[in-house]
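Results of the structural survey
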Amino acid sequence: MDGTSISGTRSPGAVGTDWTIVGVGDFNADGKADILWRHSSGVVYLWLMDGTSISGTGSAGSADSRWKIPVARAAFWRAEAERSWLANLMAAGET
């Protein structure tokens, strides 16, 4: 994106129809949106994104399909934890 204009398109990859995006959020506090997936078997998987490129991946394990993932809160808590950690280091004079 370039403001409100699309400057280009690209696909980061393909997944089977048994995968569903359950949320998008900044899970590693890099200011970029990441994608959280859930497989029909319950496996939860994260794509850490850098634009349209996958910069890292990982599985958080499995979750029953009845379990709802509060993605916006999870991303917020991660960002808050990073800010708190940095603030503590700065207060201790370690930065």
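Coordinates for the structure precede this section.
Residues numbered from 1 in each chain as written. Predicted model: local features only at pLDDT ≥ 70, side-chain atom pairs only at ≥ 80, totals over all residues. Heavy atoms only, no water.

So, the overall build of the protein chain
We apply this condition: Strands are runs of DSSP state E lasting at least two residues, helices are runs of H or I lasting at least four, and both sets are numbered from the N terminus onward. Accessibility here uses a 1.4 Å probe with only protein chains present; expressed as a share of the type maximum, an area under 20% marks a residue as buried, one over 50% as exposed, and anything in between as partly exposed. In what follows, a contact means two residues having at least one pair of non-hydrogen atoms within 4.5 Å.
Scanning the protein chain from terminus to terminus reveals 1 helix and 4 strands. The buried share of the protein chain, reckoned over its 95 residues, is 22%. Pairs at least 24 residues apart make up 30% of the contacts formed inside the protein chain by residues separated by at least 6 positions.

A closer look at the pattern of salt bridges
Pairing between side chains of opposite charge can happen when their charged atoms approach one another. In plain terms, the rule: Salt bridge, as applied in this entry: a Lys or Arg side-chain nitrogen positioned within 4 Å of an Asp or Glu carboxyl oxygen.
In the structure shown here, the tally under the stated rule is 1 salt bridge. As a salt-bridge pair, Asp-50 and Lys-32 come within 2.7 Å of each other at their nearest N and O atoms. Of this pair, Asp-50 sits in strand β3 (residues 43–50) while Lys-32 is found in the loop between β1 (19–25) and β2 (34–39), placing the two residues 18 residues apart along the sequence. The class of Lys-32 is partly exposed, set by a relative accessible area of 34%.

Here we look at unusual backbone geometry
With a phi angle near 55°, Ala-29 is a residue other than glycine that sits in the positive phi range. Locating Ala-29 in the fold gives a position in the loop between β1 and β2.

Quick word on the sheet that holds β2
Selection rule: Strands were regarded as paired on the criterion that DSSP finds at least two bridges between them. A fitted line through C-alpha atoms represents every axis, and for helices the fit uses only the stretch in contact; the resulting angles, taken between N-to-C directions, go from 0 to 180 degrees.
An order of β1-β2-β3-β4 is seen for the 4 strands of this open sheet, with the pairing classed as antiparallel. What marks the edges here is a single partner per strand, and that holds for β1 and β4 (53–62). Between one strand and the next, the sheet's axes are offset by a mean angle of 25°, whatever the strand orientation. In terms of strand pairing, β1 meets β2 through 6 bridges, oriented antiparallel. From the neighbouring strand, Thr-20 faces β2, where its bridge partner is Arg-38.

Some points on the packing of aromatic side chains
What counts here: A pair of Phe, Tyr and Trp rings is counted when the ring centres sit within 6.5 Å of each other, with Trp represented by its six-membered ring. The angle between the planes then sorts it: under 30 degrees is stacked, over 60 is edge-to-face, the rest tilted.
Following the criterion strictly, the structure yields 2 aromatic pairs and no others. Centroid distance Trp-19 to Tyr-45: 6.3 Å. Interplanar angle 70°. Geometry classified as edge-to-face. Here Trp-19, found in strand β1, pairs with Tyr-45, found in strand β3; they are 26 residues apart in sequence, far enough to count as distant. On the accessibility criterion, Tyr-45 (27% relative accessible area) is partly exposed.

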